[in-house]
Amino acid sequence: SAPLRTHAAARGKFIGAALATSPLANETSYRTIAATEFSQVTAENAMKWESTEPNQGQFTFSGADAIVNFATQNNQQVHGHTLIWHQQTPGWVQGLSASAMRTAIQNHISQVVGRYADNPAVTSWDVVNEVFDDNGGWRTSFWYNTLGQSFVADAFRAARAADPDARLCINDYNVEGINAKSTAMYNLVSSLRQQGVPVDCVGFQGHLAIQYGFPSDIQQNMQRFADLGVQVRVTELDIRMQMPRDSSKDTTQATYYRNVINACNAVTACAGVTIWGFTDKYSWVPDTFSGQGAALIYDENYQQKPAYTAVHDAL
Ligand code: XIL
């Protein structure tokens, strides 16, 4: 039957996947599924600061360009990920003084966003990622410790200046349901927009786990952000389980995937859902969450799982 992207397009939504540069270059099955099933792609790592500006003022775009070129060939949109994050940012940035850090942010954003500003494939950016802690306080990252909250507005303004047409997003995890962290995000987005800071979009990462339950108020949460006037999207969906995999866990996982697609379908301002990879062969989950895995919609042999069918049927 028709690929996921055909069904998503019929609803006016995208269905996306994060892509890794190495299998994209080396594995035919990976390339074929990535090209066929998805209408939007995110670089899993290739656009992060450590990849694009490993040394100050030395920009390397080989990985980022490979993703953008692949997307262009396959009529896909690219969501740029990510400009300002406390991880995968080189040590040289972390040790800068406040004024030097401000200058580095301006230069990095102008170079990275500017490179793709005239490229019609690249339509959106995660400008800031994970600025909150799980209680809804500001994460005490090197950004915050050096600059206070100001880095957020500065980064959005720099991104707008570098590409006036790009949709600019704030992105985080554990903000899918209504809780202290998502409410902190809601209050920040509301306040930034009142100040004229160009925040266009809110990204809910969606790193879920079947053993923690489904955030049943996800649609209500998306809608309250939409009511602020921003676009919303699910940016990094994966639904992990305690290994080993079995058919009962697969069924629960499929239900969670379906619930996320249904929530996005139900919210007009939800532009689409991006899955953080697509095959269990390449997933950050087993490396990050000990004993957990099988979080994606294809198994490690590129066979469709019940989660694939659930996404397909919900779209
Ligand atoms: C992860 C990648 O999947 C890994 O390959 C990398 O080693 C670490 O980062 N939140 C994010 C993503 O915003 O960039 C992270 O991606 C997963 C959590």
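The structure presented is a predicted model; accordingly, all values stated were derived computationally and were not measured. (Residues numbered from 1 in each chain as written. Predicted model: local features only at pLDDT ≥ 70, side-chain atom pairs only at ≥ 80, totals over all residues. Heavy atoms only, no water.)

Visitor: Report on empty space enclosed by the protein, specifying residues and quantitative values.
Guide: Using the criterion set out here, one finds two cavities of 30 Å³ or more in the structure. In this model, the largest cavity occupies a volume close to 50 Å³. If you trace the largest cavity, you find it lined by Ile84, His86, Asn129, Glu130, Val131, Arg139, Ser141, Trp143 and Phe151. Across the lining of the largest cavity, the residue classes break down as four nonpolar, three polar and two charged. (1 Å grid on protein atoms, 1.4 Å probe; cavity = no way out; pocket = protein on both sides within 12 Å on 5 of 7 lines; lining within 4 Å. Points joined across faces, edges and corners; volume = space filled by probe spheres on them. Nonpolar A, V, L, I, M, F, W, Y, C, P; charged D, E, K, R; others polar.)

Visitor: For the site of the ligand, give the residues involved together with the corresponding values.
Guide: Around the ligand sit 13 residues, and of these Glu44, Lys48, His81, Asn129 and Glu236 come closest. Between asparagine 129 and the ligand, the recorded distance is 2.9 Å, taken from a side-chain N or O atom to an oxygen atom. Between the ligand and the protein, one listed contact pairs a nitrogen atom with a side-chain N or O atom of glutamine 205 at 3.4 Å. Computed on the free molecule, the ligand has an accessible area of 420 Å², of which 80% lies beneath the protein chains in the complex. Most atoms of the ligand, that is more than half of them, are within 2 Å of grid points of the largest pocket. A class-by-class count of the residues in the shell around the ligand yields three nonpolar, six polar and four charged. (Near = heavy atom within 4 Å. Polar contact = N/O pair within 3.5 Å; in protein donor to acceptor, adjacent residues only side chain to side chain. Areas by Shrake-Rupley, 256 points an atom, 1.4 Å probe, with all protein chains shown as cover. Sits in = over half its atoms within 2 Å of the grid points.)

Visitor: Mind laying out the pairing of strand S4 (residues 122-129), listing which residues take part and the relevant values?
Guide: In terms of burial, S4 is a largely internal element, seven of the eight residues being buried. Direction of pairing for strand S3 (residues 77-80) relative to S4: parallel, over a ladder of three bridges. The partner of valine 78 across the bridge, within S4, is valine 122. Direction of pairing for S4 relative to strand S5 (residues 167-172): parallel, over a ladder of five bridges. When the sheet's bridge partners are listed, asparagine 129 is paired in S5 with asparagine 171. (Buried < 20%, exposed > 50% of the residue type's maximum accessible area, 1.4 Å probe, protein only. Helix = DSSP H or I, 4+ residues; strand = E, 2+ residues; numbered from the N terminus. Pairing = 2+ DSSP bridges.)

Visitor: Provide a residue-level description of the state of the cysteines, including the pertinent values.
Guide: Counting across every chain of the model gives two disulfides. In this model, cysteine 264 is linked to cysteine 270 through a disulfide, with the two sulfur atoms separated by 2.1 Å. Residues cysteine 264 and cysteine 270 are joined by a disulfide whose S-S torsion is about -100°; by sign, that bridge is left-handed. Just as cysteine 264 is buried, cysteine 270 falls in that class too. For the protein, the bonded cysteines pair up as 1-2, 3-4 when numbered in the order they occur along the sequence. (Disulfide = S-S within 2.5 Å.)

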